[in-house]
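Descriptive structure summary
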Amino acid sequence: MYIGNCALILPRVTIEENVIVGAGAVVTKSIPANCIVAGNQAKIIGKIDDLLRNSLAYNLNIKNLVYKAKKNYLSNINNRLLIKKHYLEE
């Protein structure tokens, strides 16, 4: 469970396992397991399973590459979710 900064959880509200509560959320109703909630009156905005699946699919793992290797790697990715900056184009 992760509860964001300044989140307000009202009395008699239960939060199940594996839940993310967004920063500043006002939780007025119980939250089922494996959900992501946010907003002032907190609403379910997603599922943990979807978050993990999307995060793993786009984990580029380029942290330890030097600049030129990163540039080459990112220039060769053909993915609609990545935005190529003008300085990567030559």
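Residues numbered from 1 in each chain as written. Predicted model: local features only at pLDDT ≥ 70, side-chain atom pairs only at ≥ 80, totals over all residues. Heavy atoms only, no water.

Here's the deal with the pairing of strand E5 (residues 35-38)
Going by this rule: What makes two strands pair is DSSP finding at least two bridges between them. Secondary structure elements follow DSSP: runs of H or I no shorter than four residues count as helices, runs of E no shorter than two count as strands, and numbering proceeds from the N terminus.
Inspection of the sheet shows strand E3 (residues 20-21) paired to E5 by 2 bridges, in the parallel sense. Of the residues in E5, the one forming a bridge with valine 21 is valine 37. Pairing of E5 with strand E6 (residues 43-47) involves 4 bridges; the strand directions are antiparallel. Paired with isoleucine 36 across the strands is glycine 46, a residue of E6. Between E5 and the antiparallel strand that follows it, E6, lie 4 residues; glycine 39 among them carries a positive phi value of about 110°.

Focus on the environment of leucine 10
Residue position: leucine 10 is located in the loop between strand E2 (8-9) and E3. For the pair formed by leucine 10 and valine 27, sequence separation is 17 residues and the distance between their alpha carbons is 6.2 Å.

Some details on the nonpolar core
Heads up, the condition is: What makes a nonpolar core is a set of buried Ala, Val, Leu, Ile, Met, Phe, Trp, Tyr and Cys residues whose side-chain atoms join them at distances within 4.5 Å. Burial classes follow relative accessibility: with a 1.4 Å probe on protein chains only, a residue under 20% of its type's maximum area counts as buried, one over 50% as exposed, and anything between as partly exposed. Residue contacts are defined here by distance: any two heavy atoms, one from each residue, within 4.5 Å place the two residues in contact.
One finds Val13, Ile15, Val19, Val21, Ala25, Val27, Ile31, Cys35, Val37 and Ala42 forming the largest nonpolar core, which totals 10 residues. Contact partners of alanine 42, with chain neighbours within four places excluded, come to Ala25, Val26, Val27 and Val37.

Let's talk about the environment of aspartate 50
Summarising the element assignment, aspartate 50 is placed in helix H1 (residues 48-57). What makes aspartate 50 partly exposed here is its relative accessible area of 33%. Taking the C-alpha atoms as reference points, aspartate 50 and asparagine 34, 16 residues apart in sequence, are found 9.8 Å from one another.

Looking at unusual backbone geometry
If you check the backbone angles, arginine 12 has positive phi at about 65° while not being a glycine. Along the chain, the position of arginine 12 falls in the loop between E2 and E3. Under the relative-accessibility criterion, arginine 12 is labelled exposed at 82%. You will see that glutamine 41, though not glycine, has its phi angle at about 55°, which is positive. For glutamine 41, a relative accessible area of 40% puts it in the partly exposed group.

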